[in-house]
Amino acid sequence: MIPQFLRDDYPLEKHLFLIPKFALRLIGFYPESKLNTPLLCWAFFNFLILGYGSYAEFTYGIHYLTIDMQTALDALCPVLSSIMSFIKIFFIWWHRSEYKHLIEEVRRLTEAQSSMKNMHIKRKFFTIATRLAALVLFFGFNTSTAYTVRLVISNAILYLNQQDIIYETPFRMMFPQPLLAMPIYPFTCILSHWHGYITVAGFVGADGFFLGFCFYFATLFKMLQEDLSDALAVNNSKNSRAIRCEADIVSKLTDIIRRHNEIALLMKKFSSIMVGIVLSHFITSSLIIGTSVIELLLFSGYAILVYIVHTCAVLAEISLYCLGGTAVMECSEELALKAYCSQWYDYSVRIQKMTLLIMIRAQRTITVKVPFLTPALPMLTAILRFAGSVITLFKTAI
């Protein structure tokens, strides 16, 4: 049965940041949540669990790197995602006031446009953003759960074969020995399992924010295009009616220019607070994908399913950034094309000048500006190529 929020008739006002809101509220880091002592304690607890869990995974992987390569990679593969989630949560908390402001501005701008055409555009883009973010949540949740199920299955097999159960956590972590012995072991295992869900909530929240903002800005650009086409669609040129029509068109074009400048300013602010998250994610994404595929080649049995789901989650995660960046670029560029294809040349000189200014301004493509890279589909190709090089190098080394 399809969840209600994935249907086409789901209320538009509930779509806005639906998935990242759910994920970040789960761990206490959603920017619009009211700060109080219980929330701060819960957020600090989750941040501490994620930080220590990442340290324990990294220590375990480094310890076994010269002993057993396969075991070491089994710890180092998920730890890259955990560290990235730790960084993303930190930046979201650090810029929570800026995120809150951007959310409020996007909500205000999208709600202000309520024509039938604009409502159709909002329905299309909002639904796509929610479904793509839900896809990452689905793969992330299944990946974290699969690690725990793998431990349960392996210990169940040992128990049925009357062998000693291995006291280890779902994610391979280096813990003091008392924490891996009864009666504390179940509590340690539960914390390790929750550590996986915190990781998922962190990257779903951050990646969902990026995708959501990009698609919502793309929605605003699309609505600008429709309003521009409507403003220049009809040309009345007689007597006082023409004067009133020209005044009305000038007013509409002025509003379009104002909104375009406002969107550009918001995109600039959005880029400034997403630099750390996007840059660090793109730098490590090739290593995460490469390590996941290497683990997929090394393992057998049920572990293969774990890393198939893990690889799908990582690919879906990086695809969100590229799809979001591409959507903003294309919708921003199309505004100039819409202005050019209109009947702007049939109007007065004043309207022609205003339309030409819109064309010139729209030719400066608005993108998510990150040093050294641009989140777009060509970047996804480059990342996959580098990941393939990592896999080839590893296979040659072994």
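The name that an unreviewed UniProt entry assigns to the chain is Odorant receptor, with the source organism given as Glossina fuscipes. Its UniProt record gives the chain the following Sequence similarities (unreviewed entry) comment, quoted word for word: "Belongs to the insect chemoreceptor superfamily. Heteromeric odorant receptor channel (TC 1.A.69) family." In UniProt, the chain has this text filed under Subcellular location (unreviewed entry): "Cell membrane".

Asker: Help me understand the overall build of the chain, please; the structure alone is not making it clear to me.
Answerer: If you tally the helices and strands in the chain, you get 11 helices and 0 strands. Counting from the amino terminus, the chain carries its helices and strands in the arrangement α-α-α-α-α-α-α-α-α-α-α. Taken along its principal axes, the extent of the C-alpha atoms in the chain is 95 × 50 × 40 Å. In the chain, which comprises 398 residues, the proportion classed as buried is 50%. For the chain, the exposed area adds up to about 19,300 Å²; of that, 66% sits on carbon and sulfur atoms. Positive and negative charge centroids in the chain, built from 34 and 27 side chains respectively, lie 8 Å apart.

Asker: Can you walk me through a nonpolar patch on the surface in this structure?
Answerer: A contiguous nonpolar surface patch, about 400 Å² in accessible area, is contributed by F58, I62, L65, M69 and I83. When contributions to the nonpolar patch are tallied by element, the ones reaching two or more residues are α3 (37-64) and α4 (69-94). In this structure, L65 sits in the loop between α3 and α4. A relative accessible area of 34% places L65 in the partly exposed class.

Asker: How should the packing of aromatic side chains be read in this particular structure?
Answerer: The geometry of an aromatic ring pair is captured by two quantities: the separation of the ring centres and the angle between the planes. Within the structure shown, the criterion is met by 31 aromatic pairs. Between F210 and F270, the aromatic rings sit 5.7 Å apart at their centres with planes inclined by 35°, giving tilted as the arrangement. Of this pair, F210 sits in helix α7 (residues 185-231) while F270 is found in helix α8 (residues 239-298), placing the two residues 60 residues apart along the sequence. Ring-pair connections join several aromatic residues into one group, and the members of that group are F17, Y30, Y99, F126, F209, F210, F213, Y216, F217, F270, F282 and Y321.

Asker: Looking at this model, I keep getting lost on the packing of helix α2 (residues 18-27) against α7. Mind explaining?
Answerer: Two packed helices can be described by the angle between their axes and the distance between those axes. Interaxial distance between α2 and α7 falls to 8 Å at its minimum, and their mutual angle equals 140°. Comparing the axis directions of α2 and α7 gives the class oblique. Taken as a pair, α2 and α7 cross one another with a handedness that is left-handed. The residues of α7 that touch α2, namely those facing I19, P20, A23, L24, L26 and I27, are W194, I198, A201, G202, V204, G205, G208 and F209. Residue classes in the contact of α2 with α7 are distributed as 11 nonpolar, 3 polar and no charged.

Asker: Would you mind going over unusual backbone geometry with me for this structure?
Answerer: Most peptide bonds are trans, and most residues other than glycine sit at a negative phi. A cis geometry characterises the amide bond from M182 onward to P183, with omega recorded as 5°. Secondary-structure assignment places P183 in the loop between α6 (116-160) and α7. The backbone of F17 shows a phi angle near 55°, a positive value even though the residue is not glycine. With respect to the secondary-structure elements, F17 resides in the loop between α1 (12-15) and α2. Overall, F17 belongs to the buried group, its relative accessible area being 1%.

Asker: Just to check I follow, could you spell out helix α5 (residues 96-112) for this structure?
Answerer: An α-helix turns once every 3.6 residues. As a result, residues three or four positions apart point the same way. Between its first and last C-alpha atoms α5 spans 24 Å; for 17 residues at 1.5 Å apiece the expected length is 24 Å, and the two agree. Turning to α5, its buried residues are R96, Y99, L102, I103, E105, V106, L109 and T110.

Asker: Looking at this model, I keep getting lost on α4. Mind explaining?
Answerer: The terminal C-alpha atoms of α4 lie 37 Å apart, and with 26 residues this matches the ideal 38 Å at 1.5 Å per residue to within 8%. Remark: the principal bend of α4, roughly 25°, maps to V79.

Asker: Before we go on, may I ask you to explain the side chain of S144 in this structure?
Answerer: By the element assignment, S144 lies in helix α6. Once you skip the residues sitting within four places of it in the chain, S144 turns out to touch F171, H193, G196, Y197 and V200.

Asker: Mind showing me how you'd approach the nonpolar core here?
Answerer: One recurring pattern in soluble globular proteins: nonpolar side chains tend to sit buried together. Core analysis: the biggest nonpolar cluster contains 99 residues, and F209, F213, F217, L253 and F270 have the highest contact counts within it. The element best represented in this core is α7, accounting for 22 residues. Once residues within four sequence positions are removed from consideration, F213 is found in contact with F17, Y99, L102, I103, V106 and F270. Membership of the second largest hydrophobic core comes to 13 residues, among which are A56, F171, F175 and V306.

Asker: How should I be thinking about the pattern of salt bridges in this particular structure?
Answerer: Any two side chains of opposite charge can pair, given that their charged atoms come close. Taken as a whole and assessed by the stated rule, the structure comprises 14 salt bridges. Residue E105 pairs with R108 through a salt bridge whose shortest N-O separation is 2.6 Å. Remark: R108 and E105 occur in helix α5; sequence separation between them is 3 residues, near one turn of the helix. The class for E105 is buried, based on a relative accessible area of 17%. A salt bridge links E168 to R172, with the nearest nitrogen and oxygen atoms 3.2 Å apart. Given the relative accessible area of 22%, E168 is considered partly exposed.

Asker: Help me out: how do you make sense of the environment of S348 in this one?
Answerer: Position of S348 among the secondary structure elements: in the loop between α9 (302-341) and α10 (349-362). Separated by 102 residues in the primary sequence, S348 and E246 place their C-alpha atoms 7.9 Å from one another.

Asker: Mind showing me how you'd approach the environment of E111 here?
Answerer: Along the chain, the position of E111 falls in helix α5. By relative accessible area, E111 is classed as exposed at 51%. Between the C-alpha atom of E111 and that of L12, which follows or precedes it by 99 residues, the distance is 9.7 Å.

What counts, and at which threshold
Residues numbered from 1 in each chain as written. Predicted model: local features only at pLDDT ≥ 70, side-chain atom pairs only at ≥ 80, totals over all residues. Heavy atoms only, no water. UniProt positions renumbered as here; feature names shortened; annotations may be inferred. Helix = DSSP H or I, 4+ residues; strand = E, 2+ residues; numbered from the N terminus. Buried < 20%, exposed > 50% of the residue type's maximum accessible area, 1.4 Å probe, protein only. Areas by Shrake-Rupley, 256 points an atom, 1.4 Å probe, with all protein chains shown as cover. Lys, Arg positive; Asp, Glu negative; His and termini not counted. Charge placed at Lys NZ, Arg CZ, Asp CG, Glu CD. Patch = residues over 30% accessible without salt bridge, like charges linked within 9 Å, V, L, I, M, F, W, Y side chains within 5 Å. Salt bridge = Lys/Arg side-chain N within 4 Å of Asp/Glu carboxyl O. Phe/Tyr/Trp six-rings, centres within 6.5 Å; stacked < 30°, edge-to-face > 60°. Axes fitted to C-alpha atoms, helices over the stretch in contact; angles between N-to-C directions. Parallel < 35°, antiparallel > 145°, perpendicular 65-115°, else oblique. Left-handed = near helix turned anticlockwise from the far one by under 90°. Contact = heavy atoms within 4.5 Å. Nonpolar A, V, L, I, M, F, W, Y, C, P; charged D, E, K, R; others polar. Expected span 1.5 Å × (residues − 1). Bend = angle between axes of the 7 residues up to and from the residue. Core = buried A, V, L, I, M, F, W, Y, C linked by side-chain atoms within 4.5 Å.

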